Amino acid sequence: MSREKGVIVIISLLLVISTFAVYWQVSNHGFFNLDDPYYVVDNRHVNGGLSSEGLAWAFRFSKAGDQSYWHPLTWYSHMIDTQLFGLDAGKHHVINVLYHAANAVLLFLLLAFMTGAVWKSAFVAAVFALHPVNVESVAWIAERKNLLSTMFWLLTLMAYYFYARKPGIFKYLAVAALLATGLLCKPMLVTVPFVLLLLDYWPLQRVRLREEENGIFKAFWTRENMKLVYEKIPLLVISLTFMAVTSLSLAAAKQNLTSQAVPMALKIQNALTSYGKYLGKLVWPEDLAIFYMFPASIPLWKVIASLGLLGLITYLALLTCRRVPALIVGWLWFLGTLVPVIGIVQGGIWPEMAERWVYVPSIGVYLAVAWGIPCMVPSFRGKGRALACVAAAVLVALSVRTWIQLGYWKDDRTLYNRCLEIDQRNYFAHYGLGIHYQDQGNQASALYHYKQAISVVPVNPAVLFSIGNIHALSGEMEEAVAYYEKSLKIYPWNPDLRVNYGNALTSMGRLDEAIDQFTEALRMIPYHTQACNNLGIAHMKKGSFHKARECFQQALEISPGFPDAARNYREASSALSRAEREAGKIENAIGTGGGDAALFVKLARLRLQTGDVQGAYSAYRKALALRSGAVDIMYELILAYAGSREYDRAIELLQGMRESQPDSAEVPYNIACLYARQGKIDEAVLWLRQAVDKGLDDMDLIRKDPDLKGIRETAFYWELVEGSRAAAPLPGSQ
């Protein structure tokens, strides 16, 4: 082994050892309540390890609430961890550190091979390994996608280095394959073709600038250089294809919407100031937080200052691009690779900035510093040793700061309290603490932090959902339903929200609405065990034993060991058998004695319980034949039609009742309710107006009747209900 190769091996080992030494404390850390449950702990496809079902799920496009954007290899990585270590969080953390150390070594080898400058390459890799801005990517298990995609990013660049030395079709295919593999981990690699073009200029020196041209863009515009651009087109097509796939997956998962509209002007302003803030964090990594609130506004002077800073650095980099090419390459690397996450296009709850997003872009800054500063510092005796001492001091300082920062990531409470030390109004930290205290059973503290969060951002659907859960646990169902409905208006694609909303409605006896919510949750996620079970409970309470048993059976098919579903299945089966036996006895009695209306009504009810809807209709009609015009029987048949969503038949019966009860306000009111259930607002308002004209004056009923929920935004409703409130006398007045 040559001396140089020996040095490379030793540096690589030192990078691994130093990375593990600084990050080892994460082996005692647990899972966080932010994203880790979704990615690992509570994800049934992942926490069971490798399986054919899980592998198929990872590659498919999902529905809302099922998964986030499409990154199947990231899911595979988590599945392998749970296969090997179960839910031992410490070992999952160690794997993250291993990926980070591997990335540092790959970066070192890549730069050493490309530039031949071993020590500068070592410095860049060491800063990358030890800089505290990377703590978020490493100490957070859910950020495995960042580490894994970066590994393939660097492998793609390494393959391109070998291709550039001696181009060939198989080497190019290796570059394309590694790029596609990285994009399967995270779509951040879409800027790789741009980075390869930068590397063509330096350090690969495939780009030749015309000496006679002063402007760099004119100097670049040659036939040979354009061939290098054309060379990247297939890679660009791959990147754009994966961008389209990612957009489609986000749309399928309903993750392409923000909780509040952000004006484009503010997005651009934030993008400009964020570049400056990222540079500040890289130079002086203080007050690092897991979430930075997106600003409501940005002072113009900050935007101008940031734009001036970016323009000045760009100008200086262009000015020295021939003498110190690393400056322009590193700077454009930083600017370009941040573009996908700079916030012009947003999804979900978008922060002002995030350290995890600068994991790859920061490499460009380290490159510019490592190659730029030695060129800028005037020569003097001992310059090399002085710079080495400064570099060593920087690495020690970064290591200490990283160790301290890792301490904030030891558990949820410490992490979020640190965020609140930096910004007391950080609603995201309050929300995280609320989840932490709720998991600990401390509902009062959880509610306090949720209320603090909602005071800052009133339209956050996750916080509204959590407050609803607190009220539900306290038995305050009306309050819970109010918060669930607010959350649903903002983000209706959360299946767990619909399940909890359905539970609250079930406890309030609003069974039809509860059934609608459970059914919608199952439409989103057909394997949602709790939704299946709770839908069965709602059907049981409604007396539909046949439907209930089907739901419990479906829940057991999804989760064979689910004890609640097994117990409920036995109860539903027993109730169904009793109903069938009782129906058989009544049929025998009718066959023997001819029967009367009461027996046919009882038979109809039993037929509804056993799922024989047509048999129930027939029995009701026979009862009506024996008791023509019986209002109570007609209403039971109307409810049976409505329960089966046969609204037209129910309305037809009510229309017939108008002839015998022309002055009844109840009949047009019920017709209004049936139209409102179908979302036919104009018809519902028309019939409600008729009910009011015929004497309906129970405004409390109109306010609270869930069937009329759909018309509560109409002008007539507000005129009617709010007008009655204004006209009502004050308590104690005459």
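Residues numbered from 1 in each chain as written. Predicted model: local features only at pLDDT ≥ 70, side-chain atom pairs only at ≥ 80, totals over all residues. Heavy atoms only, no water.

A. Representation of unusual backbone geometry in the model. Across the junction of Trp202 and Pro203, the peptide omega takes the value 10°, indicating a cis bond. If you trace the backbone, Pro203 turns up in the loop between helix 10 (192-201) and helix 11 (216-220). Its identity as a non-glycine residue notwithstanding, Asp35 has a phi of 70°, on the positive side. Mapped onto the secondary structure, Asp35 falls in the loop between helix 1 (3-23) and helix 2 (36-41). The phi dihedral of Asp287 is positive, around 55°, even though this residue is not glycine. Relative to the assigned elements, Asp287 resides in the loop between helix 14 (264-283) and helix 15 (300-319). Of the residues examined, Asp287 reaches a relative accessible area of 37% and is grouped as partly exposed. (Helix = DSSP H or I, 4+ residues; strand = E, 2+ residues; numbered from the N terminus. Buried < 20%, exposed > 50% of the residue type's maximum accessible area, 1.4 Å probe, protein only.)

B. Representation of helix 31 (residues 631-643) in the model. Over its 13 residues, helix 31 extends 18 Å from the first C-alpha to the last, a length consistent with the 18 Å expected when each residue adds 1.5 Å. Of all 13 residues that make up helix 31, 10 are buried, and the element is covered over most of its length. By the burial criterion, the buried members of helix 31 are Ile633, Met634, Tyr635, Glu636, Leu637, Ile638, Ala640, Tyr641, Ala642 and Gly643. Where helix 31 is buried, its residues touch helix 26 (529-542), helix 29 (597-610), helix 30 (613-626), helix 32 (647-660) and helix 33 (666-677). Among the residues trailing helix 31, Arg645 stands out with phi positive, at a value near 65°. (Expected span 1.5 Å × (residues − 1). Contact = heavy atoms within 4.5 Å.)

C. Geometry of helix 23 (residues 477-490). The end-to-end C-alpha distance of helix 23 is 20 Å, a good match for the 20 Å that 14 residues give at a rise of 1.5 Å each. Those residues of helix 23 that sit buried are Ala480, Val481, Tyr483, Tyr484, Ser487 and Leu488. Summarising the axial view, the buried residues of helix 23 lie within an arc of 165°, below the 170-degree limit, and thus occupy one face. Residues of helix 23 that are exposed and angled more than 90 degrees away from the buried face: Glu478 and Lys489. For helix 23, the elements touching its buried residues are helix 21 (443-456), helix 22 (461-473), helix 24 (495-507) and helix 25 (511-524). (Arc of directions from axis to C-beta.)

D. Quick peek at the packing of helix 6 (residues 118-130) against helix 17 (residues 361-376). For the pair helix 6 and helix 17, the least separation of the axes is 9 Å and the interaxial angle reads 145°. Read as a crossing pair, helix 6 and helix 17 show a hand that is right-handed. Residues Lys120, Ser121, Phe123, Val124, Val127 and Phe128 of helix 6 touch helix 17, and the partners they reach there are Ile363, Tyr366, Leu367, Ala370, Trp371 and Pro374. Here the residues of the contact of helix 6 with helix 17 sort into 10 nonpolar, 1 polar and 1 charged. (Axes fitted to C-alpha atoms, helices over the stretch in contact; angles between N-to-C directions. Left-handed = near helix turned anticlockwise from the far one by under 90°. Nonpolar A, V, L, I, M, F, W, Y, C, P; charged D, E, K, R; others polar.)

E. Structural detail: the state of the cysteines. Applying the stated criterion across every chain, the model contains 0 disulfides. Counting only cysteine sulfurs, Cys375 is the nearest neighbor of Cys389, a cysteine outside any disulfide, at a range of 19 Å. For Cys389, a relative accessible area of 55% puts it in the exposed group. (Disulfide = S-S within 2.5 Å.)

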